[in-house]
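Chain by chain, the residues run as shown.
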Amino acid sequence: MQENFSLKPFNTFGVEAKAKYFVEVNTVEELIETLKRSNSKTLSLLFLGGGSNILFTKDLDGLAIQLNLKGISEEFLNENQVLVTAKAGENWHEFVMYCLNKNYGGLENLSLIPGNVGTSPMQNIGAYGTEIKDHFVSCKVLNLLTLEIENFDLEKCRFGYRDSIFKQEGKNKYVILEVSFKLTTQNHGIKTEYGAIQSELENLGIINPTIQDVSKAVINIRQSKLPDPKKIGNAGSFFKNPTIPLAQFEDLKLKFDNIQGYPNGNFVKVPAGWLIEQCGWKGKQIGNVASHQLQSLVIINATGNASGKEIFDFSALIIDSVKEKFGIELEREVNIL
């Protein structure tokens with residue numbers, strides 16, 4: 001266990017924050033032993049994954065635990081389905097590539113999403129028409145109160161749009177140890193109708209895409225729109241796409257005839273990036289922080305010297321301006337600490 005430990009390498013924004021204590025655990029046994037020791041000291045806890053969905057606005061007066069649980073296993077269910085289980089510390093994109101190399105289908109649209117496997121169920125990560133819940137079977141979790149391992153199935157996780165039980169009443173009560181997905185080994189369900197996947201496949205000269213082709217298209221699209229966190233600090237999409245009542249959307253359409261929206265029953269999902277761009281934030285910089293010039297939904301540590309508070313304050317200005325212009329209050333997707 002280390003003291004006064006810098007968390008800068010453990011968050012993709014690259015902001016400086018220190019943890020009073022820090023420890024890396026490689027096994028569930030080490031994790032339980034660490035938690036027993038921390039309980040005796042009544043320390044507040046923070047579990048670190050890939051650091052891609054967190055913004056530190058202050059130092060951590062407690063214990064940061066880096067979950068380095070590694071390993072992938074497979075169980076063939078029938079001739080067309082395989083159950084693939086990955087430990088929490090596996091890098092998400094590398095896990096997706098592992099599955100694609102084995103020709104296991106289902107996660108290809110989720111290529112290049114930053115973070116680790118263990119944090120993927122927390123906000124039901126999704127992209128290009130696919131969400132975790134579409135292929136999720138179960139996850140093993142450690143109950144932080146009893147220190148016993150429990151199993152959460154699809155129903156128990158209560159997945160929603162960028163939401164789950166782990167962000168609601170289960171927040172700070174469990175830590176995810178491993179996640180299991182049901183994937184296809186043949187007869188893959190190819191999804192190309194979302195975003196620019198189809199046009200990117202056409203650019204690549206691909207007519208009958210494989211799951212590997214879809215992954216390549218998604219990677220190309222993401223790399224063309226989103227900054228690499230290794231080169232410039234960011235956490236990907238900073239805000240959720242808001243969902244508003246259909247009546248409210250129709251009223252807005254009278255005033256903003258080019259407003260974008262995706263109907264779903266009596267509600268419409270409005271792209272947060274479009275709202276932000278309409279308020280003039282695309283590429284705008286204040287001090288050390290900016291909205292990315294290609295994707296206004298992404299807030300960047302433009303100079304590399306931004307503090308977490310600067311980034312938070314910048315996001316608050318965006319929220320205020322969108323609410324003033326459209327009457328829609330954006331919700332941060334990134335966890336604020």
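Before any of the text, the structure's been laid out above.
Predicted, not measured: the structure shown is a model, and the values here were computed from it. (Residues numbered from 1 in each chain as written. Predicted model: local features only at pLDDT ≥ 70, side-chain atom pairs only at ≥ 80, totals over all residues. Heavy atoms only, no water.)

Chemist: Help me understand the overall build of the protein in this model?
Modeler: Of regular secondary structure, the protein possesses eight helices and 20 strands. Since a compact globule built from 337 residues should have a radius of gyration of about 20 Å, the 21 Å found for the protein is in line with a globular shape. Each principal axis of the C-alpha atoms in the protein carries an extent, and together these give about 60 × 55 × 35 Å. Buried residues in the protein amount to 48% of all 337 residues. (Helix = DSSP H or I, 4+ residues; strand = E, 2+ residues; numbered from the N terminus. Rg over C-alpha atoms; globule rule 2.2 N^0.38 Å. Buried < 20%, exposed > 50% of the residue type's maximum accessible area, 1.4 Å probe, protein only.)

Chemist: How do you make sense of helix α8 (residues 308-326) when you look at a structure like this?
Modeler: Structural remark: α-helix, 3.6 residues per turn; residues separated by three or four positions point the same way. Between its first and last C-alpha atoms α8 spans 27 Å; for 19 residues at 1.5 Å apiece the expected length is 27 Å, and the two agree. Inspection of α8 places Gly 308, Ile 311, Phe 314, Ser 315, Ile 318, Ile 319, Ser 321, Val 322 and Phe 326 among the buried residues, and these make up the whole buried set. Against β4 (54-55), α6 (246-255), α7 (272-278), β17 (285-286), β18 (289-291) and β19 (298-301) lie the buried residues of α8. Positive backbone phi, at 70°, marks Gly 327, one or two positions downstream of α8. (Expected span 1.5 Å × (residues − 1). Contact = heavy atoms within 4.5 Å.)

Chemist: Hey, could you run me through the pairing of strand β11 (residues 149-153) in this one?
Modeler: On a regular strand, each side chain points to the face opposite its neighbour's, so the side chains alternate between the two faces of the sheet. Of the strand pairs in this sheet, strand β10 (residues 136-143) and β11 are connected by five bridges, and their pairing is antiparallel. Its bridge partner lying in β11, Leu 142 is registered against Ile 149. The turn linking β10 back onto β11 is made up of five residues, and Leu 147 within it adopts a positive phi angle of 60°. (Pairing = 2+ DSSP bridges.)

Chemist: Hey, could you run me through the sheet that holds β17 in this one?
Modeler: Read from one edge of the open sheet, four strands run β13-β19-β18-β17, paired in antiparallel fashion. Here the strands that pair on one side only, and so sit at the sheet edges, are β13 (233-237) and β17. Taken together, the three bridges between β18 and β19 define a ladder with antiparallel strand orientation. When the sheet's bridge partners are listed, Ser 291 is paired in β19 with Ile 299. Lying on the sheet, α8 is in contact with β17, β18 and β19; it crosses β18 at an angle near 35°. (Axes fitted to C-alpha atoms, helices over the stretch in contact; angles between N-to-C directions.)

Chemist: For this particular structure, what's the right way to read the environment of Val 268?
Modeler: As for its position among the elements, Val 268 is in strand β16 (residues 267-269). Given a relative accessible area of 0%, Val 268 falls into the buried group. Taking C-alpha positions, Val 268 is 28 Å from Ile 300, a pair spaced 32 residues apart along the chain. With near-sequence residues (within four places) excluded, Val 268 lies in contact with Pro 242, Thr 243, Ile 244, Leu 246, Phe 249, Gly 261, Tyr 262 and Pro 263.

Chemist: Explain the pattern of salt bridges to me, please; I cannot follow it from the model alone.
Modeler: It is possible for side chains bearing opposite charge to pair when their charged atoms get close. In the structure shown here, the tally under the stated rule is 13 salt bridges. The residue Arg 158 makes a salt bridge to Glu 169 at a minimum N-O spacing of 2.7 Å. Pair noted here: Arg 158 is in the loop between α3 (154-157) and β12 (174-184) and Glu 169 is in the loop between α3 and β12, with a separation of eleven residues, a long-range link. A salt bridge links Lys 309 to Asp 313, with the nearest nitrogen and oxygen atoms 2.8 Å apart. One end of the pair, Lys 309, and the other, Asp 313, are both in helix α8, four residues apart, so they sit about a helical turn from each other. Judged by its relative accessible area of 33%, Asp 313 falls in the partly exposed class. Through salt bridges with shared partners, one network takes in Glu 131, Lys 133, Asp 134, Arg 162 and Glu 333. (Salt bridge = Lys/Arg side-chain N within 4 Å of Asp/Glu carboxyl O.)

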